[in-house]
Amino acid sequence: RPGSLAGRENSDVESILISMGGVDRENATAEVLMALEGISELDSCRVTVVLGAACPNIEAVHRLADRSSMRVDVAVNASNMAQLMSDADIAIGAAGGSAWERCCLGLPTFLVVMADNQRQGAHALQESGAALCIGSIEDISENLPVLLPQIMKPGRLLQMSQQAAGLCDGLGVERVVKALIGGGN
């Protein structure tokens, strides 16, 4: 966490992490890649896509990555997610549990609601200033190109990073253990 937070001073978007969960059955990843393709400011960006081995769209994502004007790497079953999150300037990801991991590392995020049970959390993260909610998969192509310039304004990435890091410090387990053994808060 300290290394990730220390690296958030840069205001340029040079590295994007896309992670829609392990399966991404609806292929939100492809929607994101196609939406990013039309944004000329991102042509020099490095994009890392993370998929699980159970994703039925791996080959389609590889084909999009190969044709992209950006440098796109596809990682299947990545074992270094914390490092990938730390290395990224922004993330575009599912609004589930990994949203809190991105917050812990101060990673500014565009959230995609992949299931109804993610809607409330995505709204709360947006209200806090820690993330921007794209909406559902159907909203990616329309909303991502509109929202992306909002975080490229001077100071906005750092502001989102600080808001995100302030929500989740990664020390919850220690607090629970202390409470269980009677150590207080």
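Computed from a predicted structure; not experimentally measured.

Engineer: Tell me what's going on with the overall build of the protein chain, and back it up with residues and numbers.
Structural biologist: Of regular secondary structure, the protein chain possesses 9 helices and 6 strands. Computed over the C-alpha atoms, the radius of gyration of the protein chain is 16 Å, within 12% of the 16 Å expected from 2.2 N^0.38 for a compact globule of 185 residues. In terms of principal-axis extent, the alpha carbons of the protein chain reach across some 55 × 40 × 30 Å. For the protein chain, buried positions account for 44% of its 185 residues.

Engineer: Tell me about the nonpolar core, residues and numbers included.
Structural biologist: In this structure, Ile16, Ile18, Leu36, Ile92 and Phe110 are the most contacted members of the largest nonpolar core, which totals 37 residues. Here the element with the most residues in this core is helix H2 (residues 28–37); it accounts for 6 residues. Excluding anything up to four places from it in sequence, leucine 36 contacts Ile16, Ile18, Leu42, Met70, Ile92, Leu144 and Leu148. Core analysis: the second largest hydrophobic core is formed by 10 residues, Ala95, Val113, Ala122 and Ala131 among them.

Engineer: Describe unusual backbone geometry, listing the residues and the values that go with them.
Structural biologist: Of note, asparagine 27 is a non-glycine position whose phi angle comes to about 60°, a positive value. As for its position among the elements, asparagine 27 is in the loop between strand S1 (15–19) and H2. By relative accessible area, which is 14% here, asparagine 27 ends up buried. Even without being a glycine, asparagine 77 presents a positive backbone phi close to 55°. One can find asparagine 77 in the loop between strand S3 (71–76) and helix H4 (81–87).

Engineer: Go over the sheet that holds strand S4 (residues 90–94), please, and point to the residues and values.
Structural biologist: One key point about sheets: their strands pair by backbone hydrogen bonds, in either a parallel or an antiparallel sense. Pairing in this open sheet of 6 strands is parallel, and the strands run S3-S2-S1-S4-S5-S6 from one edge to the other. The open sheet has two edge strands with one neighbour each: S3 and strand S6 (131–136). Strand-to-strand twist in this sheet, taken as the mean axis angle between neighbours without regard to direction, amounts to 15°. Where strand S2 (residues 46–51) lies against S3, 6 bridges are found, and the strand directions are parallel. The residue of S3 that forms the bridge with leucine 51 is valine 76.

Engineer: Explain H2 to me, using residue names and the numbers behind them.
Structural biologist: Taking burial as the measure, the 10 residues of H2 include 7 buried ones, the bulk of the element. Along H2, the residues classified as buried are Ala28, Thr29, Ala30, Val32, Leu33, Ala35 and Leu36. Of the surrounding secondary structure, the elements contacted by the buried residues of H2 are S1, S2, helix H3 (58–67), S3, S4 and helix H7 (140–151).

Reading guide: rules and limits
Every residue gets a number counted from 1 within its own chain, in the order that chain's sequence is written. The predicted origin of the model limits local features to residues at a pLDDT of at least 70 and limits the giving and counting of side-chain atom pairs to 80 or more, whereas totals for whole chains, interfaces and linings rest on all residues. For the side-chain quantities, the full set of heavy atoms in the structure was used; hydrogens and water were omitted. Strands here are runs of E lasting at least two residues and helices are runs of H or I lasting at least four, both read from the DSSP assignment and numbered beginning at the N terminus. Restricting the calculation to C-alpha atoms gives the radius of gyration, and the globule rule supplies 2.2 Å times the number of residues raised to the power 0.38. For each residue, the accessible area found with a 1.4 Å probe, counting protein chains only, is set against the maximum for its type, and the residue is called buried under 20%, exposed over 50%, and partly exposed in between. Joining through side-chain atoms within 4.5 Å is the link that ties buried Ala, Val, Leu, Ile, Met, Phe, Trp, Tyr and Cys residues into a set, and such a set is a nonpolar core. By the convention used here, residues are in contact when the closest approach between their heavy atoms is within 4.5 Å. A pair of strands is labelled paired if DSSP reports no fewer than 2 bridges between them. Note on method: axes are straight lines fitted to C-alpha atoms, helices fitted across the in-contact stretch only, with angles between N-to-C directions ranging 0 to 180 degrees.

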